[in-house]
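Breakdown of the fold
Chain by chain, the residues:
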Protein chains: 2
Amino acid sequence: MARVALDAMGGDFAPRATVAGALLALVDLPVEHTIQLVGRTAVVDETLDVLFAGEFAAHRALRDRLEVVDAPDVIEMSDKPTVVRSRPGSSMMVGLRLQADGKSDAFVSAGNTGAQMAASLLVLKSHAGLKRPAIGTLFPTAQEPVVVLDSGANVDCSPEELVQFARLGTVYAQDMLGRRNPAVGLLSIGEEPEKGNAAVKEAHQRLRAEPGIHFVGNVEGRDIPLGRRDDEPLDVVVCDGFVGNVLLKFYEALAPTLMAVFAKALGAERETLRSAFKELDHAEHGGAPLLGVKGVSIISHGSSSPRAIKNAIGVGLRAVESRMSEHIGRRLEDAAAAAERAEAESTSSSVA
Amino acid sequence: MARVALDAMGGDFAPRATVAGALLALVDLPVEHTIQLVGRTAVVDETLDVLFAGEFAAHRALRDRLEVVDAPDVIEMSDKPTVVRSRPGSSMMVGLRLQADGKSDAFVSAGNTGAQMAASLLVLKSHAGLKRPAIGTLFPTAQEPVVVLDSGANVDCSPEELVQFARLGTVYAQDMLGRRNPAVGLLSIGEEPEKGNAAVKEAHQRLRAEPGIHFVGNVEGRDIPLGRRDDEPLDVVVCDGFVGNVLLKFYEALAPTLMAVFAKALGAERETLRSAFKELDHAEHGGAPLLGVKGVSIISHGSSSPRAIKNAIGVGLRAVESRMSEHIGRRLEDAAAAAERAEAESTSSSVA
């Protein structure tokens, strides 16, 4: 049994798309799961009325698995992330606060991503030993999807941050994707350890020595769509948030672009092609967890459709059920303890 | 009339693919153009014999427009770029030397990219005011192709280097693509000037003040496949060589990946889809000029087919005919002069 708080006011098509997404999710989910719709009560109630009078008329019983939680304020897409401090009544802050207070298990939003990161850090806090959380995004590939992180939370990353991403991504791939011993690649411009920018070159050396990480070495841009490095499947790709974000947006824009190219070339209808692009559609993957906060905060695309919201709720539930956040906390503690031991050993050996 | 030197020994399928590419190019080019095949004479001559006895039997007259230039040594794909100094007899060094000696107008190679950059810099030198040349690559888009630079020659770029890329890319787009007032975007993770890593944020401010550059502001990953920013067409995208190289390899690997996805989804034959991917096929674009060297050095993909080599030769010819290198030299001189004037003014005003 899990309770997912959904930011009813967040996203380009809120509250209609968010509330409809919650209903779509409840139709499919086991009955023990409930959803908390966080937003302006009057607006949310009205949207529910419209949906239950229309496309969800056959599903009015779902109302019992919904709770509407009032949040008088809204953070807009154009607001700076820093506004979250001064908006405790916003749907984002109220939704996350539920979790901090033990009244909810996960938070999902399609609203302002920067604000969601700031609010999650402020309310949930990050796990000990982690400076800043990272966004883990699934990239569809020719094989299984690959986790790319960071995909936008951090720019100008230090080698230590890249190593942290490898730890976070490993737990994500284990808990959310069921990969037993996730293969982690470091994104660079050549396979050789000496290729890359300064941060990547140092991170490469540190990852080689990192216990508990199945580090397969540097990977290149081409390995992501292929989903493998040489003949080994790839599960996690580590990069700074600048590169990750550029790649993510590039990939997202390709589906519509290619659809146009193909429709022209093959003389086919766009609708016929749409199904082929399902694999490449971010709505299929729904949401990207903010990794490293003490709790579950799922970032959904601003343009999320009801189906994308539904899938994001599913991602949130999987994170709760797999206890990903707890596992991340433990993993970071272990790494800190190992670093301390290494430090103590090097001190004692230099004394000796 | 132009003379193009081709590294007959460079590339995964050399010398067969390179020599065949030269013949394909000559079939289509006006008769005043000639090609210099640079490599081991015995090997090149034998390859010519095979091709003239086989698929090019009807084109033996092309032999008169070919010159075989002996280069006893070869730089392998796995060699370090630094080996070029100690291999003056390699096909790369001999081919570039022809140009430095006024005996050739352009050089094309599908060999070791790092070595080609090092050799080009060593033999041709870079234009005054430029620390390091950049690779400009064409990315197919939903509109016209966009020039992305740097796509791999430089990592850890300074703001000044990013500004230089804007100058190089502007001349490339004008001379090679016929864009009159090329729109230059700076690749970042948000449109706002304050978004990005440290180098990008400073480069943004400098590009806004840069004369002769039609700077349209920051662009995001999605703007590249779309080929526009908002409603304005995009001609040049500036980024550091780490990001550019990751994007390039990512894009290159997408065509085969998507072909597999589509063939499965549509039940179509791969061959039927191949034509639709023509637009996304790097062989169509053939070669990426190394921008900033005093001369013409075209970098072709290691896996180049004869068609890719033919197109790369075409790129080299366009660079010669449009006098791109000369225009780049002038542009960089102008920028240096403007910087000097600004410096002098600020000194005199601070004295006053």
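Predicted model only: the values in this text are computed from it and were never measured. One numbering rule holds for all chains: residues counted from 1, following each sequence as written. To label them, take the chains in the order written and letter them from A, then take the ligands in the order written and number them from 1. Totals for whole chains, interfaces and linings use all residues, but because this is a predicted model, local features are given only for residues with pLDDT of at least 70 and pairs of side-chain atoms are given and counted only at 80 or more. To obtain the side-chain values, all non-hydrogen atoms of the structure were used and water was disregarded.

Observations concerning the overall build of chain A
How we decide: Note on conventions: DSSP H or I runs of at least 4 residues are helices, E runs of at least 2 residues are strands, and numbering of each starts at the N terminus. Computation of the radius of gyration draws on C-alpha atoms alone. For the globule rule, the value is 2.2 Å times the number of residues to the power 0.38. To sort residues, take the accessible area from a 1.4 Å probe on protein chains only and compare it with the maximum for the residue type: under 20% means buried, over 50% means exposed, and anything in between is partly exposed.
What chain A contains, in helices and strands, is twelve helices and 14 strands. Since a compact globule built from 352 residues should have a radius of gyration of about 20 Å, the 21 Å found for chain A is in line with a globular shape. When the backbone C-alpha atoms are referred to their principal axes, chain A occupies close to 75 × 55 × 35 Å. Each of the 352 residues in chain A was classed as buried or not, and the buried ones make up 58%.

Thoughts on the pairing of strand β9 (residues 214-219) of chain A
All names here are of chain A. The condition that has to hold: Between any two strands, at least two bridges found by DSSP are needed for them to pair. The definition of a right-handed crossover adopted here requires that, viewed with the strands pointing away, the path from the first strand over the helix to the second runs clockwise.
Taking burial as the measure, the six residues of β9 include five buried ones, the bulk of the element. Two strands pair when backbone bridges link them, and strand β8 (residues 183-187) and β9 are joined in this way by five bridges, in the parallel orientation. Bridging from a neighbouring strand, Val184 pairs with Phe215 of β9. The parallel pair β8 and β9 is bridged by helix α6 (residues 198-208), and the resulting crossover is right-handed.

With respect to the pattern of salt bridges
What counts is decided by this rule: Any carboxyl oxygen of Asp or Glu that lies within 4 Å of a side-chain nitrogen of Lys or Arg is treated as forming a salt bridge with it.
Under the counting rule described, the total for this entry stands at 38 salt bridges over all chains. Linking A:Glu194 and B:Lys80 is a salt bridge whose minimum nitrogen-to-oxygen distance equals 3.1 Å. Of the two residues, A:Glu194 sits in the loop between β8 and α6 while B:Lys80 sits in the loop between β3 (66-70) and α3 (91-100), which places them in two different chains. By relative accessible area, B:Lys80 is classed as partly exposed at 49%. Measuring nitrogen to oxygen at the nearest pair gives 2.3 Å for the salt bridge that ties B:Lys249 to A:Glu220. One end of the pair, B:Lys249, is in helix α8 (residues 241-266); the other, A:Glu220, is in the loop between β9 and α7 (223-226), on a second chain. On the accessibility criterion, B:Lys249 (16% relative accessible area) is buried. A relative accessible area of 5% means that A:Glu220 is categorised as buried. Via salt bridges that share partners, A:Glu160, A:Arg167, A:Glu202, A:Arg206 and A:Glu210 belong to a single interconnected network.

Focus on the environment of A:Thr41
Residues and elements named next belong to chain A. The following threshold applies: Here, two residues are considered to be in contact whenever any of their heavy atoms come within 4.5 Å of each other.
By the element assignment, Thr41 lies in helix α2 (residues 41-53). On a C-alpha basis, the gap between Thr41 and Asp70 in space is 5.1 Å, while along the polypeptide they are 29 residues apart. Ignoring any residue separated from it by four or fewer positions in sequence, one finds Thr41 in contact with Val68 and Asp70.

Side note on unusual backbone geometry
Residues A:Leu149 and A:Asp150 are joined by a peptide bond in cis, for which omega reads 5°. Within the secondary structure layout, A:Asp150 lies in the loop between β7 (146-149) and α5 (159-177). Backbone geometry places B:Lys125, a non-glycine residue, at a positive phi of 70°. Checked against the element boundaries, B:Lys125 lands in the loop between α4 (113-124) and β5 (134-135). Look at B:Lys125 and you get partly exposed, because its relative accessible area is 46%. Phi angles above zero are rare outside glycine, and B:Asp230 is one such case at about 55°. By the element assignment, B:Asp230 lies in the loop between β10 (228-229) and β11 (232-233).

What to know about the domain arrangement of chain A
Residues and elements named next belong to chain A. Which entries qualify depends on this criterion: A domain assignment, automatic or from a database, supplies the domain bounds used here. Two parts lose some accessible area (1.4 Å probe) when they are put together, and adding that loss for both gives the buried area. Polar contacts, as counted here, are pairs of nitrogen or oxygen atoms within 3.5 Å of one another; within protein the pair requires one atom able to donate a hydrogen and one able to accept it, and residues that are adjacent in sequence qualify only if both atoms are side-chain atoms.
In terms of domain boundaries, chain A breaks down into domain 1 (1-125 + 293-321) and domain 2 (134-281). Each partner contributes to the interface: domain 1 provides eight residues, whereas domain 2 provides six residues. At the boundary of domain 1 with domain 2, total buried surface from both sides reaches about 530 Å², with 64% on carbon and sulfur atoms. Counting every contact that joins domain 1 to domain 2 gives zero salt bridges. At the junction of domain 1 and domain 2, the tally comes to one residue pair in polar contact (both at pLDDT 80 or more). For the side of domain 1 that touches domain 2, the secondary structure elements donating two or more residues are α4 (113-124) and α11 (306-321). In terms of residue count, the dominant contributor to the side of domain 1 that touches domain 2 is α11 (four residues).

Observations regarding the packing of aromatic side chains
For the record, the criterion: Aromatic rings from Phe, Tyr and Trp, taking only the six-membered ring of Trp, are treated as a pair when their centres fall within 6.5 Å; an angle between ring planes under 30 degrees marks them as stacked, one over 60 as edge-to-face, and anything in between as tilted.
Under the counting rule described, the total for this entry stands at seven aromatic pairs over all chains. Aromatic pair A:Phe139 and B:Phe250: ring centres 6.3 Å apart, planes at 80°, arrangement edge-to-face. Pair noted here: A:Phe139 is in strand β6 (residues 137-139) and B:Phe250 is in helix α8, and the two residues belong to different chains. Through a chain of ring-to-ring contacts, the aromatic side chains of A:Phe139, A:Phe250, A:Tyr251, B:Phe139, B:Phe250 and B:Tyr251 assemble into a single cluster.

Quick look at the sheet that holds β9(A)
Residues and elements named next belong to chain A. The line we're drawing: Under this scheme, a helix contributes an axis fitted over its contacting stretch, all axes are lines through C-alpha atoms, and angles between N-to-C directions fall in the 0 to 180 degree range.
Spatial ordering of the open sheet is given by β6-β7-β12-β8-β9, a layout of five strands whose pairing is mixed. Only two strands of the sheet have a single neighbouring strand rather than two, namely β6 and β9. Going from strand to strand, the sheet's axes swing by 30° on average, the running direction of each strand aside. Pairing analysis gives three bridges linking β6 to β7, with the strands arranged antiparallel. Bridging across to β7, Thr137 finds its partner in Val148.

Here's the deal with the pairing of strand β4 (residues 106-109) of chain A
Within a regular beta strand, the side chains point alternately toward one face of the sheet and then the other, so they alternate between its two faces. Residues and elements named next belong to chain A. Where burial is concerned, the two faces of β4 agree: the one with Ala106 and Val108 and the one with Phe107 and Ser109 are both buried. Judged from the three bridges that link them, strand β1 (residues 3-7) and β4 form a sheet pairing that is parallel. From the neighbouring strand, Leu6 faces β4, where its bridge partner is Val108. Pairing analysis gives three bridges linking β4 to strand β14 (residues 297-300), with the strands arranged parallel. Residue Phe107 lies in a different strand from β14, and its bridge partner there is Ser297.

Some points on the environment of A:Ala308
Topologically, A:Ala308 is positioned in helix α11. When the C-alpha positions of A:Ala308 and A:Glu321 are compared, they lie 20 Å apart, and in sequence the two are 13 residues distant.

Considerations on the side chain of B:Asn112
Residues and elements named next belong to chain B. Residue placement: Asn112 occurs in the loop between β4 (106-109) and α4. The exposure class assigned to Asn112 is buried, which follows from its relative accessible area of 6%. A distance of 3.0 Å separates a polar side-chain atom of Asn112 from the backbone oxygen of Glu76. Here Asp79 takes part through its backbone oxygen, which lies 2.8 Å from a polar atom of the side chain of Asn112. Residue contacts for Asn112: discarding those within four places in its chain leaves Ile75, Glu76, Met77, Ser78, Asp79 and Met92.

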